[in-house]
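Below are the chains, spelled out letter by letter.
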Amino acid sequence: DNWVIPYYMGYIVDLTYMWDPYKAAKTALANTMAPANVKEVLRRHVEKIEPVTKDVLHHLTEGVLNEEFLLNNITKLLNLLRNANCTIRWLMLHRNTTHKKLKEILMPAIDPDKLLVLLLQTAQLEFQLKEMFQNLLATKQEKWDSCKNECVTRMQELSQFFSGEQVLTRVTKDEQLMQWFSKLATEIGQVEFHDSTLAGRKIHQLMTALQDVDQFHQIETNYQVKHFLEHTRMFLHQMLRIVNIKEEIMVTLSVVSDMAYGFNIINHYVEQMHTRVKGDPVYVLLLRATFLKLASILDLPLVRINQAQSPDLVSVAEYYSGKLVAYVRTVLEVIPKNMFVILDSIIQVQTSALKDCPTRLEKALLKDYAQLDERYTLAKATHMVSVFTEGILAMETTLVGVIEVDPKQLLEDGIRKELVNQISRALHMILLFRTGKVADFETQLQKLGQQLDGFKRSFEYISDYVNIYGLKIWQEEFSRIINFNVEQECNTFLKQKIYPWQSRYQNIAISIPTFAPVDDKSVTFIGRLVREILGQTDYHKSIYLDSRSAWLDTTGREIVGIRTFSLLHRSVGTPGLTGLDKTLAFMVVRELQSFVRFYRKELNQGLKDFLPEIQSELLPSSSLPSAGLKLYHVALQRPQRLWPQIMEMTCCIGQAQLLRRAIANELNFACRLDSNVFYNALDIVNRSLLEDVRQHYRMPESQPYPDPDNPLMAELCSYLDTAGVSSPVNKIYITTEGLEGFSLLMFLFVISQMPKYAYDKSLGMMMSKDRRDGCDAAPFVVGVLTLLKQFHSSNLVNFLAYVSQYIRCSVTSMQSKDSKMTDLPSDVVNLLAFLEDLCSYGKLDRKVVHEHVPAYIFDKRSLR
C-alpha cells in the first residue's frame, strides 16, 4: 500500500514515476495504484487520526502516565505509538505524490492541520516515554536491590516468627515453616536480573510458592503473616516488572518514532506550526518534542561513520545538527515576528496617544492625563507579548543532535533578527532624498528620529516582560547595522571588496538584510546620507562661517549647522555619526590618492625641471628674489592649467574635513553631556599616552616608545573617535614617498587663487568674488592644510617660508612705489587671512607663522 518511499536522509521517491519505464515493475505496482485500493487505504488511515489523537491526548493528561502505568502497559503504549507513527508516515509521504490523479484523491481528504496536531502530540508522548524509560533504566539496579531486600527481610522475619522464640508471640514453633521461609529468603537473595528469562521464571516460581503456602492452617489464621506474604508477592511482582525493563524497548521505541523520512517534508508544515503557535503559545512546548523527533535523521549517517571510525564524525554531526537548529529557528521565529506586530501598536500608543504626565498637575486635569482607554490598550498589548514568550521560555535547554539549544537564546536571537530587519528597513525606506531641498532633508531626518525613538522606547518597555536586556540588544544591533552598511558603502573606495557574507558584522542566524541601490552613486543609506549632506554644503553654492559652525547660502540663510548635526544625532545616533565620519574619511583618502597620482603624472610630464629652477631662484627664503614680483608672475604662468583640477580636489578634501570636524564637535558635546566621567577618563589616558610619546622623542635612550603590540593605543583611538576627541585636519590619511617640489607647487597654487577672493571686514574672513562658480574659502584653506599634513613637517615649514617671502616682496615692492602706503595689497591681505585660518583650523601656534611673517605686518592690517 506504499508507493512514495523514503530512501536516505529525508529524500523520497515516487515509484509511479521512477518505475514507469519498466513494464514488469509498473504492472506489479498496478494493483497498489488502483484508485479503489488507494481510497480504501486512505480511508483507513484518515479514520485513525481522530481516535489515535484522542488516545494519545488521554495518555498525556497529567496523572495518567506514571511509572506504574508504564511498567504495566508498555506493550499497549508501544502499539499506540506504532499506529500513530504509521498513520503519520503514510499520510505525510503520500501527500507528496507526483501522480496527478492520485494527488487529486489524497489532497482533499487529508487535513494537514489535524495531521500536524497528531504529530505534535505523538512526539510529546514519545518524549515523555523516553524520559521515563531512561530514568527507569538508570535506576533499575537500585529499584531491583530495594525490592529484593524487602522480600528477603520479610522472609527472614517470617522464619524468625515461626521459630517461636520471638517476644510476645504466641505461635507454636514450626521447624518446617521456619526452614522453608529461611530457604526462600536465600533463593530470593540469589536472583539476579542480568538474565531476564531465568530471573522471570524464578520469580514466577517464588510467587506461586507464596500463594500455595498461604493456604496452610498456621498462616491462613494469622492476619499478620498473610499481610507479610501479600507484601512480599507485591515486591516480587515489582521485581518481575523491573526485569522487563530492557534496552531493547528503547531501541524499539527509537525505531517506531523514527522520522528521518520527514526531514524535508516537515518544511511544508511550517505555516501550520506558525498558525498553531499564534493561536496558543503552549504549542511551543510540543514543538520541542517534535524537534527531538526530527533529530533521528542523524542516526543512520552517524552510525555508519562511527563504525568506520572516520574522523569526519564530528563535522558531519555538526553539519546536520546545524540544519536542524536552522529549522528550529525558522519555526520559532514566528514569536518575535508577532511580538513586533504588537510592538507597532505599542509604539503608536506611546508616541501618539499617551501624554507625558507633568510633575505638578491640577486635580481637575487628572482625568484627562489618566487616559484610561489608551493605557488599557497598552496593557493588553503588553500582556499579549508576555503570553507569546511564555511558551518558549518554558522550554528547557535541549540537545538537538550535537548542538545545545537554549530556548531563551533562541528567543533573543529571533528578537534580534526581527529588530535588525525593522531597523534596516526603516533606515533604507526613510533616508531617501528626492528633491535636494534642505526642508525635505530635515523632514526625513525628523521622521526617522521619531520612528526609531518610538521603536526604542517601546522595545525598552517590553524588555522586562520578555526577560531580555532591551537597551543592550538595541545598541549592539543598531551599531552592527550601521557598521555593516558603512563597510559595504566603503567598498567603492577599496580595490579588494568585502562582500556581505565575508563581513565580520554579518551573522548567519541574525543576518542584516541588503537592499538594491536606489541611485547610481550610493550602495546603502549611509552613502545617500553622506552625499546629501555634501550636496547641501556644496562649496560652490554655500559659505562656511566658522564662528557659527554653519554653512550659509548666498543670502545669509543657514543651510546646515549645529542644529542639523544635532538632528542627525537624534536620528541615527552615535553609531550613525561615527559611520558618516568614517565614510567621509574614506572619501578624503580617495581624493588624496588621486592628488598624489595626478601630481606624479604632471611632474613627469613637464614640471620636473621647472620646479627646481623656480626653487633655486627663491632660495634662500629669508631674502627676497632678485627679480622681485616678476619671478612670481612668470612662475604662475606655466602650471596654470593645473589649478582648476587641484582646486577641485583640494576643496573636496576641505569640505569633507569640515564636515568631519562638525561631526566630532557634536559627538564631543554629547559625550561631555551624557558621559562626563567617561570623557574625562578618555582625556586623561589620551594625554598620558601623548606625554609618553613626547618623552620618548626627548630622551629616546631612557624612555621607550609605547609597545606597538599593546592594544591600548588602537582601542583608545576608536574610543576617541567615537567621543569626538580628535582633530580630523591633523590626521595622516596616506603614507607615500615625498613629492619633489610639493611645498613650492602648493605655494604657487595658493597665491594663484588669492585674486579670486576678497577679504570681508564684517565677517573677518575671505569671500569668493564669484558667488556662482567660485569656491568657498574655508574648504580651500582646510584642503591645503590637509594636503600639507600628509607629508613631512618640513613641507609645511617651507610653504610658510615661501608665503612669507612673497608677502615681504609684495610689501617691499608697494613701498618702493608709494612710501606713504597705508593699506596692504589685496592679495597680501588675503594671504594673511589665509595664514590666520590655517593656524585656526590646524591648531598651529602663531609663533610658527611669526617666525616667517613678522607680527607687525599682521598688526598693520587687523584681520579680526
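Refer to the structure printed above.
The structure reproduced in this document is the subject of the present report. (Residues numbered from 1 in each chain as written. Predicted model: local features only at pLDDT ≥ 70, side-chain atom pairs only at ≥ 80, totals over all residues. Heavy atoms only, no water.)

Focus on the pairing of strand 8 (residues 757–760)
Point 1. Here strand 8 shows a buried face lined by Tyr 757 and Tyr 759 and an unburied face lined by Ala 758 and Asp 760.
Point 2. Relative to strand 9 (residues 765–768), strand 8 runs antiparallel, the two sharing four bridges. Directly across from Tyr 757, in strand 9, lies its bridge partner Ser 768. (Buried < 20%, exposed > 50% of the residue type's maximum accessible area, 1.4 Å probe, protein only. Helix = DSSP H or I, 4+ residues; strand = E, 2+ residues; numbered from the N terminus. Pairing = 2+ DSSP bridges.)

Some thoughts on the packing of helix 18 (residues 334–353) against helix 21 (residues 407–430)
Point 1. Their axes nearest at 8 Å, the elements helix 18 and helix 21 cross at an angle of 50°. With respect to their mutual orientation, helix 18 and helix 21 come out oblique. With respect to the hand of their crossing, helix 18 and helix 21 are arranged in right-handed fashion. Contacts between helix 18 and helix 21 involve Ile 335, Pro 336, Lys 337, Met 339 and Phe 340 on the former and, on the latter, Leu 411, Gly 414, Ile 415, Glu 418, Leu 419 and Gln 422.
Point 2. Each residue belonging to the contact of helix 18 with helix 21 can be placed in one class, and the counts come to seven nonpolar, two polar and two charged. (Axes fitted to C-alpha atoms, helices over the stretch in contact; angles between N-to-C directions. Parallel < 35°, antiparallel > 145°, perpendicular 65-115°, else oblique. Left-handed = near helix turned anticlockwise from the far one by under 90°. Contact = heavy atoms within 4.5 Å. Nonpolar A, V, L, I, M, F, W, Y, C, P; charged D, E, K, R; others polar.)

Section: the packing of aromatic side chains
Point 1. Following the criterion strictly, the structure yields 23 aromatic pairs and no others.
Point 2. Relative to Phe 747, the ring of Tyr 632 lies with its centre 5.9 Å away and its plane at 75°, an arrangement referred to as edge-to-face. Taken together, the positions of Tyr 632 in helix 26 (residues 629–637) and Phe 747 in helix 30 (residues 742–753) put the pair 115 residues apart, joining distant regions of the chain.
Point 3. Residue classification places Tyr 632 among the buried positions, given a relative accessible area of 1%.
Point 4. Among the aromatic residues, those joined into a ring-pair cluster are Trp 643, Phe 749, Tyr 757, Phe 780, Phe 799 and Phe 834. (Phe/Tyr/Trp six-rings, centres within 6.5 Å; stacked < 30°, edge-to-face > 60°.)

With respect to the pattern of salt bridges
Point 1. In this structure the tally under the stated criterion is 24 salt bridges.
Point 2. For the salt bridge of Glu 126 with Lys 293, the shortest nitrogen-to-oxygen distance reads 2.9 Å. Placement of Glu 126 in helix 7 (residues 112–138) and of Lys 293 in helix 15 (residues 283–294) is noted, with a sequence separation of 167 residues between them. For the residue pair Glu 126 and Lys 293, the accessibility class agrees, reading buried in each case.
Point 3. A salt bridge links Glu 477 to Arg 480; its shortest N-O distance comes to 2.8 Å. With a gap of three residues between them, Glu 477 and Arg 480 both fall in helix 23 (residues 470–489), about one helical turn apart.
Point 4. Members of the salt-bridge network, linked through shared partners, are Glu 412, Arg 416, Lys 472, Glu 476, Glu 477 and Arg 480. (Salt bridge = Lys/Arg side-chain N within 4 Å of Asp/Glu carboxyl O.)

Some words on the environment of Val 438
Point 1. Along the chain, the position of Val 438 falls in helix 22 (residues 438–466).
Point 2. Assessed through its relative accessible area of 14%, Val 438 is described here as buried.
Point 3. The spatial distance from the C-alpha of Val 438 to the C-alpha of Glu 532 is 9.4 Å, given a sequence separation of 94 residues.
Point 4. If we skip the residues at most four places from it in the chain, Val 438 touches Gln 536 and Ile 559.

Side note on a negative patch on the surface
Point 1. A cluster of acidic residues, Asp 609, Glu 613, Glu 617 and Glu 740, forms a negative patch on the protein surface.
Point 2. Looking at the element boundaries, Glu 617 is found in helix 25 (residues 562–618). (Patch = residues over 30% accessible without salt bridge, like charges linked within 9 Å, V, L, I, M, F, W, Y side chains within 5 Å. Areas by Shrake-Rupley, 256 points an atom, 1.4 Å probe, with all protein chains shown as cover. Lys, Arg positive; Asp, Glu negative; His and termini not counted. Charge placed at Lys NZ, Arg CZ, Asp CG, Glu CD.)

Comments concerning a nonpolar patch on the surface
Point 1. Taken together, the side chains of Tyr 17, Met 18, Trp 19 and Tyr 22 make up a nonpolar region of the molecular surface, amounting to roughly 480 Å² of accessible area.
Point 2. Mapping Trp 19 onto the fold places it in the loop between helix 1 (15–18) and helix 2 (23–33).
Point 3. Judged by relative accessible area, which is 33%, Trp 19 ranks as partly exposed.

Some points on the side chain of Gln 655
Point 1. Relative to the elements of secondary structure, Gln 655 occurs in helix 27 (residues 643–674).
Point 2. According to the relative accessible area criterion, Gln 655 is buried, its value standing at 5%.
Point 3. In contact with Gln 655, other than residues within four places in its own chain, are Leu 534, Thr 537, Asp 538, Tyr 539 and Pro 779.

Quick notes on the nonpolar core
Point 1. Core analysis: the largest hydrophobic core is formed by 224 residues, its most contacted members being Phe 780, Phe 799 and Phe 834.
Point 2. Here the element with the most residues in this core is helix 25; it accounts for 21 residues.
Point 3. Apart from the residues within four sequence positions on either side, Phe 799 is in contact with Ser 743, Met 746, Phe 747, Val 750, Val 784, Leu 788, Phe 834 and Leu 838.
Point 4. Cys 151, Met 155, Ala 185 and Leu 229 belong to the second largest nonpolar core, which has 13 residues in total. (Core = buried A, V, L, I, M, F, W, Y, C linked by side-chain atoms within 4.5 Å.)

Considerations on the environment of Leu 534
Point 1. Structurally, Leu 534 can be placed in helix 24 (residues 525–536).
Point 2. Classification of Leu 534 by relative accessible area gives buried; the value is 18%.
Point 3. In sequence terms Leu 534 and Ser 566 are 32 residues apart; their C-alpha atoms lie 17 Å from each other.

What about the sheet that holds strand 5 (residues 543–545)?
Consider a sheet: its strands pair through backbone hydrogen bonds, and that pairing is either parallel or antiparallel.
Point 1. Strands sit in the order 5-6-7 across an open sheet of three strands; the sheet is antiparallel. Lying at the two open borders of the sheet, with one neighbouring strand each, are strand 5 and strand 7 (558–560). Taken over all neighbouring pairs, the strand axes of this sheet differ in orientation by 45° on average, direction set aside.
Point 2. Sheet analysis places strand 6 (residues 550–552) next to strand 7, joined by two bridges and oriented antiparallel. Across the sheet, Leu 552 pairs through a bridge with Glu 558, a residue of strand 7.

Examining helix 15
Point 1. Compared with the 16 Å implied by 1.5 Å per residue over 12 residues, the 17 Å span of helix 15 between its first and last C-alpha is a close match.
Point 2. Of all 12 residues that make up helix 15, 10 are buried, and the element is covered over most of its length.
Point 3. Inspection of helix 15 places Tyr 283, Val 284, Leu 286, Leu 287, Arg 288, Ala 289, Thr 290, Phe 291, Lys 293 and Leu 294 among the buried residues, and these make up the whole buried set. (Expected span 1.5 Å × (residues − 1).)

Describing the environment of Ser 254
Point 1. Here Ser 254 is to be found in helix 13 (residues 247–256).
Point 2. In this structure, the C-alpha to C-alpha distance between Ser 254 and Glu 126, residues 128 residues apart in sequence, is 9.0 Å.

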